[in-house]
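As a plain string of letters, each chain reads:
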Amino acid sequence: MAQFNGRFIGSIVVLTGAGISAESGVPTFRDADGLWEQHDPMEIATPGAFRRNPDLVYRFYNARRSMLAAVAPNQAHQALARLQREFAGEVFLVTQNVDDLHERGGSSQVCHMHGQLQASLCTACRRSMHAHGDFDRHSSCPACGAVGCLRPDVVWFGEIPYYMDEIEARLAECDLFIAIGTSGLVYPAAGFVQRARGAGATTVELNREPSEVAGLFHHRRQGLATTTVSALVAELLAG
Ligand code: NAD
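Numbering of residues starts from 1 in every chain and runs along the sequence as written. Where local features are concerned, this predicted model is filtered to residues with pLDDT of at least 70; where side-chain atom pairs are given and counted, the filter is 80 or more; whole-chain, interface and lining totals use all residues. To get the side-chain values, all heavy atoms of the structure are used, and hydrogens and water are removed first.

Caption draft 1: View of the sheet that holds strand E8 (residues 150-154). Only strands that DSSP links by at least two bridges are regarded as paired with each other. Labels follow the DSSP assignment, with helices taken as runs of H or I lasting at least four residues and strands as runs of E lasting at least two, numbered in each case from the N terminus. One open sheet holds the three strands; their spatial order is E7-E6-E8, and the pairing between them is antiparallel. Each edge of the sheet is formed by a strand with only one pairing partner; in this case those strands are strand E7 (128-130) and E8. Here the average twist between neighbouring strands, direction ignored, is 45°. Examined bridge by bridge, strand E6 (residues 115-122) and E7 share three bridges and lie antiparallel to one another. Its bridge partner lying in E7, Ala-119 is registered against His-130. Axes here mean lines fitted to C-alpha atoms, for a helix over just the part in contact, with angles spanning 0 to 180 degrees between N-to-C directions.

Caption draft 2: Inspection of unusual backbone geometry at higher detail. Note the cis peptide between Tyr-187 and Pro-188, where omega equals 10°. Within the chain, Arg-126 stands out as a residue other than glycine whose phi angle is a positive 65°. Mapped onto the fold, Arg-126 is located in the loop between E6 and E7.

Caption draft 3: Representation of the packing of helix H6 (residues 75-86) against helix H10 (residues 225-238) within the structure. Relative to each other, H6 and H10 sit at 15°, their axes nearing to 8 Å. As summarised for this structure, H6 and H10 are arranged roughly parallel, according to the angle between their axes. Seen from above, H6 lies across H10 with left-handed handedness. Across from Gln-75, Ala-76, Ala-79, Leu-80, Arg-82, Leu-83 and Glu-86 in H6, the residues of H10 making contact are Ala-225, Thr-226, Val-229, Ser-230, Val-233, Ala-234, Leu-236 and Leu-237. Classification used: nonpolar for Ala, Val, Leu, Ile, Met, Phe, Trp, Tyr, Cys and Pro, charged for Asp, Glu, Lys and Arg, polar for all others including Gly. Here the contact of H6 with H10 is built from residues that sort into ten nonpolar, three polar and two charged. Oblique is the label for any angle not under 35 degrees, not over 145, and not in the 65 to 115 range, which are roughly parallel, roughly antiparallel and roughly perpendicular in turn. Crossing handedness is defined as follows: a turn of the near helix away from the far one that is anticlockwise and smaller than a right angle gives a left-handed crossing, while the clockwise case is right-handed. Contacts are assigned to residue pairs with any non-hydrogen atoms lying within 4.5 Å of each other.

Caption draft 4: Examining the sheet that holds strand E5 (residues 111-112) more closely. Strand order in the open sheet formed by six strands is E5-E4-E3-E9-E10-E11, with parallel pairing between adjacent strands. Of all the strands in the sheet, the pair left with one neighbour each is E5 and strand E11 (219-222). Most of the contacts of H6 go to strand E4 (residues 90-95), to which it runs at about 150°, and overall it touches strand E3 (11-16), E4 and strand E9 (176-180). Against the sheet, H10 makes contact with E3, E9, strand E10 (202-207) and E11, and its axis sits at roughly 165° relative to E9, the strand it touches most.

Caption draft 5: Region of interest: the side chain of Glu-205. Assignment of secondary structure puts Glu-205 in strand E10. Each residue is assigned to one of three classes by its accessible area relative to the maximum for its type, calculated with a 1.4 Å probe on protein chains only: buried under 20%, partly exposed between the two thresholds, exposed over 50%. Positive charges come from Lys and Arg alone, negative charges from Asp and Glu alone, with His and the N- and C-terminal ends not counted. Think of a salt bridge as a Lys or Arg side-chain nitrogen and an Asp or Glu carboxyl oxygen that are within 4 Å of each other. Despite being buried, Glu-205 has no salt bridge partner; Arg-220 is the closest side chain of opposite charge, sitting 5.9 Å away. Ignoring anything within four residues of it in the chain, the contact list for Glu-205 reads Ala-179, Pro-210, Ser-211, Ala-214, Phe-217, His-219, Arg-220 and Arg-221.

Caption draft 6: The arrangement of H6 in detail. Spanning twelve residues, H6 covers 16 Å between terminal C-alpha atoms, matching the ideal 16 Å at 1.5 Å per step. Buried within H6 we find Ala-76, His-77, Ala-79, Leu-80, Ala-81, Leu-83 and Gln-84. Looking at the buried positions of H6, the neighbouring elements they touch are E3, helix H1 (19-22), E4, helix H7 (101-104), E9 and H10. Pairs of N or O atoms within 3.5 Å make up the polar contacts considered here, provided that, within protein, one atom can donate a hydrogen while the other can accept it, and that residues adjacent in sequence are counted only when both atoms are side-chain atoms. Measuring from the side-chain oxygen of the N-cap residue of H6 to the backbone nitrogen of Ala-76 gives 2.7 Å; that N-cap residue is Asn-74. A helix's residues, less one, multiplied by 1.5 Å, set its expected span.

Caption draft 7: Up close: the site of the ligand. Every one of the 29 residues lining the ligand counts as a neighbour, but Phe-29, Arg-30, Gln-96, Ser-183 and Asn-207 are closest to it. Gly-19 has a polar backbone atom sitting 3.5 Å from an oxygen atom of the ligand. In this structure, an oxygen atom belonging to the ligand sits 2.7 Å away from a side-chain N or O atom of Asn-207. Its free accessible area being 860 Å², the ligand has 96% of it covered by the protein chains. Consider each residue's heavy atoms; a residue with any of them within 4 Å of a molecule or strand counts as near. The Shrake-Rupley method, run with a 1.4 Å probe sphere, supplies the accessible areas, and residue values consider only the shown protein chains as cover.

In structure tokens, the structure reads:
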């Protein structure tokens, strides 16, 4: 248990977005230097784009996957791992990020609602598998052997995110909901603050600038994730 703003907190849900990995050097989607400045999302991150131009989509995700080797978790990822280790209650971490920086930062549990760069999904046998290197439309499935059936195991625009039942259940019972580095433009994640508030949770936004849904939070703290997350975690562990 901890205290936050005079209230006892036994269970916490943390939602992270691209902003938590920005200081590690992973580009966000919508900032000025973000990924979508160079690529039209509809040409990359939809099932239709994959049908129309699979080579472009494979190239984009192969490049992002290989970029992971050049980046490292930052203090914000590490602070959340510390919260998971040291907080006496429950901490459920859900991320929209497809990178592996929470895991490398030491997090014991990470719910990747938008999938993972280092996973492939076989459309023939429906199995999801670790993928550390490149794959493309000539690759065969390590599980069933089908050729040309592997796709990045990431959730594209128009697809349903993973683990929604578990996330909804956690939101319904949390005392504190913290959103970090997410623009509030992509649903269903942008709606989590309302679900948590509706269930009686205290809600906090940590962002470099107010998100699209900033007005729905009880508390907002502006700044870089490395600073704001470390400070909030220290506060919660001290309380
Ligand atoms: P977004 O690009 O839409 O928004 C990024 C947010 O982070 C903005 O609100 C911005 O103000 C904030 N931000 C930027 N730098 C920050 C910093 N140093 N500290 C604190 N906040 C900072 O990203 P989103 O909301 O996560 O968008 C959702 C989509 O982005 C998801 O589908 C996700 O899969 C995808 N995405 C993931 C990664 C990744 O895995 N690292 C990278 C880019 C996009």
